[in-house]
Amino acid sequence: MAWTLSSIRASTVAKFTRLDYWSIIQVMEKLRKSSHGGRRPGAGRPRVETTQRVRVPESLMNVVQTMVDAKKLKAVALFPSPAPSRLKLPRFGHHVRAGFPSPADDYIEAWLDLNEHLVEHREATFFVQASGDSMTGAGIQEGNLLVVDRALEPRHGDIVIAVVDGELTVKRLEKRRGKIRLIAENPAYAPIEFKDGQELTIWGVVTSVIQKFKR
Amino acid sequence: MSFALIDGNNFYVSCERVFNPRLEGRPVVVLSNNDGCVVARSNEVKALGVKMGEPWFKLRDLARRHRIIAQSSNYTLYADMSNRMMAILGSYSPQQEIYSIDECFLGLDGLEHLDLMAWGQRMRQQVKHWLGLPVCVGIGATKTLAKLANHCAKKALAGQDGVCDFGRLAATELDDLLARIPVSEVWGVGRKLTGKLAARNITTVLDLRDADARTLRDAFSVMLERTVQELRGTSCMELEELAPAKKQIVSSRAFGAYVHTLIELEEAVSLYMARAAEKLRHQHSVAGAVQVFIRTNPFKDDHPQYQAGVTVPLPSPTADTRRLTHAALIGLKHLFKPGYAYQKAGVMLMELREAGHEQGMLFAEPVPDRPRLMDVIDRANERWGHGTLRLASEGVDKAWHMKRGNLSPAWTTNWNELPQVR
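So, a few notes on the structure that sits alongside this text.

Thresholds, definitions, all that
Residues numbered from 1 in each chain as written. Chains lettered and ligands numbered in written order. Predicted model: local features only at pLDDT ≥ 70, side-chain atom pairs only at ≥ 80, totals over all residues. Heavy atoms only, no water. Helix = DSSP H or I, 4+ residues; strand = E, 2+ residues; numbered from the N terminus. Buried < 20%, exposed > 50% of the residue type's maximum accessible area, 1.4 Å probe, protein only. Contact = heavy atoms within 4.5 Å. Areas by Shrake-Rupley, 256 points an atom, 1.4 Å probe, with all protein chains shown as cover. Pairing = 2+ DSSP bridges. Axes fitted to C-alpha atoms, helices over the stretch in contact; angles between N-to-C directions. Core = buried A, V, L, I, M, F, W, Y, C linked by side-chain atoms within 4.5 Å. Left-handed = near helix turned anticlockwise from the far one by under 90°. Nonpolar A, V, L, I, M, F, W, Y, C, P; charged D, E, K, R; others polar. Salt bridge = Lys/Arg side-chain N within 4 Å of Asp/Glu carboxyl O.

1. Considering the overall build of chain A
Next up, step 1: Check the secondary structure of chain A and you find four helices and nine strands.
Next up, step 2: Traced from its N-terminal end to its C-terminal end, chain A shows the element sequence α-α-α-β-β-α-β-β-β-β-β-β-β.
Next up, step 3: Out of the 215 residues in chain A, the part that is buried amounts to 30%.
Next up, step 4: Of all intrachain contacts in chain A linking residues separated by at least 6 positions in sequence, the fraction that spans at least 24 positions is 52%.
Next up, step 5: As displayed, chain A offers around 15500 Å² of accessible surface, 53% of which is attributable to carbon and sulfur atoms.

Written as structure tokens, this is what we have:
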């Protein structure tokens, strides 16, 4: 049992347990006295197995038990895991043992935000879902989530969302000697060619592909 | 001080087209809730003479002949696209008033040194590029003039490429232009007023601008006098950057099918109250009274007609859905008469005031409000969609629910409805 008596405040216990304040003080006095001489609780290198004996008048046994339980309870309430806001994860300056609380708080340097990592232009960013296998060579599988930034100027080599025959399609953009083609990253699909005067609408530029692993 | 008004062209139709490119170049309308009336038209539909607000059933023939595509209104999509558009436009000026889902004013204080035509073009291009939405920009010395300039930009009466700055026009040019625009295009001049003004030989914007403001105030209203002042370039209306908290919150809707039983009405009223209460909490207000109303379809002359409403005062103001719903259902029981085919129900929250300033009651029991519970409900519904957590009185089946026959997916706001690309 690795709790120290001095850290418990009678008022806290009273609030917690709704027990009479003065009877708690009484118990604490008795406990303090009994810890004089011999081994002091919490002293030395704490070992999980360490135990110690405390003598308590039988009439106050229930009170003490409640206090012990309350202390256990309090440990939970005192050290909550930091509740990260949606999409944000804390980044620490050094490694921190899981479950240990306060000392690390001072070292939180930033909040890692996947939005920040994946989204450059918030207003212009849309998510679409890939279907089919025409882009497997570029690492885009059926069902993958694509992050599309409409603010970017499409360049040669970009993976883009284009409008072809009234449908949205994902392909690699090729601009060569004034000729524009949409290339599938799968030899089973022919490139889509555009003749002079034929208009190609680029809907947006794909900036990431997100694949969740099935488990 | 000058103002710019930026307005999305055929906004709802444009939003649909971004995610469904097949609609490009085709006649498209968006219909109101329950697929009743036309609330947005593409240019192709306007060219066919379809008017705003026309009931869809009257257009069936025309629609078949010209293959008009009718979309149910997808307000989730429009609201998301609107938020994105407003955020982009807001980056062009420190002062912005979001006037409606598809238009906003920008204040030009301190931006006068800019080439405003080029500034407007940049804005227009950015919204088109980033969102795929076409917008027009009107610039004028007052809000009324900015709105009129926007009309000119949209109809290509003046300006260039969807941007019109009245400040660029010489006085005679502006007069010529205003003489060609009917007075009904002026902000705040409705159909009724247009008729009355015509009786005084005021038919164009120019007529109105040069009319005697005093006489018009005496004959009509102070509002009209202000409009005249604004047309002359004297700004009477400032930007309202923060939308004032609403004084009333209404949530009502027509049913998808007629409703005959009290239990179904109770479900509908519970649902509408849940939405109204959510809005109430969102603006940090509490309500002191609740109104409920129900009615049959007034356009069905052959059905027996009934409509009624009742206001239920609350012992103490609240934003708790359970107490508000309870009050509304008590009111509903008073109103309900069997034997009618009900077509619409609604609730209104009244006597709104800021939360946290409630007067305590001397002899009453403490109110059983559960603000934490409401907070949890609101957050769960925000995260996982409306109705995720709800009162059981809303029911499960909702056979009376809205008809939305051709609703496009929530392309931008639901993981399960994302656009598919091949």
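From this point on, the discussion continues.
2. Overview of the sheet that holds strand S3 (residues 38-41) of chain B
Residues and elements named next belong to chain B.
Next up, step 1: The strand order across the open sheet built from three strands is S3-S2-S4, with neighbouring strands paired in mixed fashion. Two strands lie at the open edges of the sheet, namely S3 and strand S4 (69-72), each paired on one side alone. Here the strands of the sheet are splayed against their neighbours by 30° on average, with no regard to which way each runs.
Next up, step 2: Pairing analysis gives four bridges linking strand S2 (residues 28-31) to S4, with the strands arranged parallel.

3. Side note on the sheet that holds strand S6 (residues 167-176) of chain A
Next up, step 1: One open sheet accounts for eight strands, arranged S8(A)-S7(A)-S6(A)-S5(A)-S9(A)-S4(A)-S3(A)-S14(B); its pairing is mixed. Looking along the sheet, the strands with just one partner apiece sit at the ends: strand S8 (192-193) of chain A together with strand S14 (420-421) of chain B.
Next up, step 2: Here strand S3 (residues 125-130) of chain A runs beside strand S4 (residues 145-149) of chain A; their pairing, made up of five bridges, is antiparallel. Its bridge partner being in S4 of chain A, Thr125 of chain A is matched across the sheet by Asp149 of chain A.

4. Looking at unusual backbone geometry
With glycine set apart, most residues show a phi of negative sign, and most peptide bonds adopt trans.
Next up, step 1: One non-glycine residue, Asp165 of chain A, lies in the positive phi region at around 50°.
Next up, step 2: Tracing the backbone through its elements, the reader meets Asp165 of chain A in the loop between strand S5 (159-164) and S6.
Next up, step 3: The class of Asp165 of chain A is exposed, set by a relative accessible area of 68%.
Next up, step 4: Of note, the phi angle at His284 of chain B is positive, near 55°, even though the residue is not glycine.
Next up, step 5: Examined against the element boundaries, His284 of chain B turns out to sit in the loop between helix H12 (262-282) and strand S10 (285-296).

5. A closer look at the nonpolar core
A general feature of soluble globular proteins is that nonpolar side chains tend to end up buried together.
Next up, step 1: Within the largest apolar cluster, 55 residues are counted, with the highest numbers of intra-cluster contacts made by Ile161 of chain A together with Met81 and Trp119 of chain B.
Next up, step 2: Of all hydrophobic cores here, the second largest spans 34 residues; its members include Ile249, Leu271, Leu329 and Leu335 of chain B.

6. Brief notes about the packing of helix H4 (residues 75-90) of chain B against helix H5 (residues 116-131) of chain B
Residues and elements named next belong to chain B.
Next up, step 1: Following both chains from N to C, one finds H4 and H5 inclined at 145°, their axes separated by 10 Å at the closest point. With respect to the hand of their crossing, H4 and H5 are arranged in right-handed fashion. Counting all contacts with H4, which are made through Met81, Arg84, Met85, Ile88 and Leu89, the residues of H5 involved are Met123, Gln126, Val127, Trp130 and Leu131.
Next up, step 2: Classifying every residue of the contact of H4 with H5 gives eight nonpolar, one polar and one charged.

7. Overview of the environment of Arg390 of chain B
Residue and element names in this part refer to chain B.
Next up, step 1: Considering the arrangement of structural elements, one finds Arg390 in the loop between helix H14 (371-384) and S14.
Next up, step 2: You can call Arg390 partly exposed: its relative accessible area is 38%.
Next up, step 3: Residues Arg390 and Ser270, spaced 120 residues apart in sequence, show a C-alpha to C-alpha distance of 9.2 Å.

8. Remarks on the pattern of salt bridges
All names here are of chain B.
Next up, step 1: Evaluation of the coordinates by the stated rule reveals 21 salt bridges over all chains.
Next up, step 2: For the salt bridge of Asp7 with Lys154, the shortest nitrogen-to-oxygen distance reads 2.9 Å. Of this pair, Asp7 sits in strand S1 (residues 3-8) while Lys154 sits in helix H6 (residues 143-154); the two residues are 147 residues apart in sequence, bridging distant segments of the chain.
Next up, step 3: Using a relative accessible area of 11% as the deciding quantity, one classes Asp7 as buried.
Next up, step 4: Classification of Lys154 by relative accessible area gives partly exposed; the value is 33%.
Next up, step 5: The closest approach of N and O atoms between Arg168 and Asp115, which form a salt bridge, is 2.8 Å.

9. Some points on the pairing of strand S6 (residues 103-107) of chain B
Sheet faces and side chains relate simply in a regular strand, where the side chains alternate between the two faces.
Residue and element names in this part refer to chain B.
Next up, step 1: For S6, the tally of buried residues reaches five of five residues, placing the bulk of the element in the interior.
Next up, step 2: What you see with S6 is no split at all: Glu103, Phe105 and Gly107 on one side and Cys104 and Leu106 on the other are buried throughout.
Next up, step 3: By the bridge criterion, four bridges tie strand S5 (residues 96-100) to S6 in an arrangement that is antiparallel. Bridging across to S6, Glu97 finds its partner in Phe105.
Next up, step 4: The hairpin turn running from S5 into S6, its antiparallel successor, is two residues long.

That is the geometry; function is a separate question.
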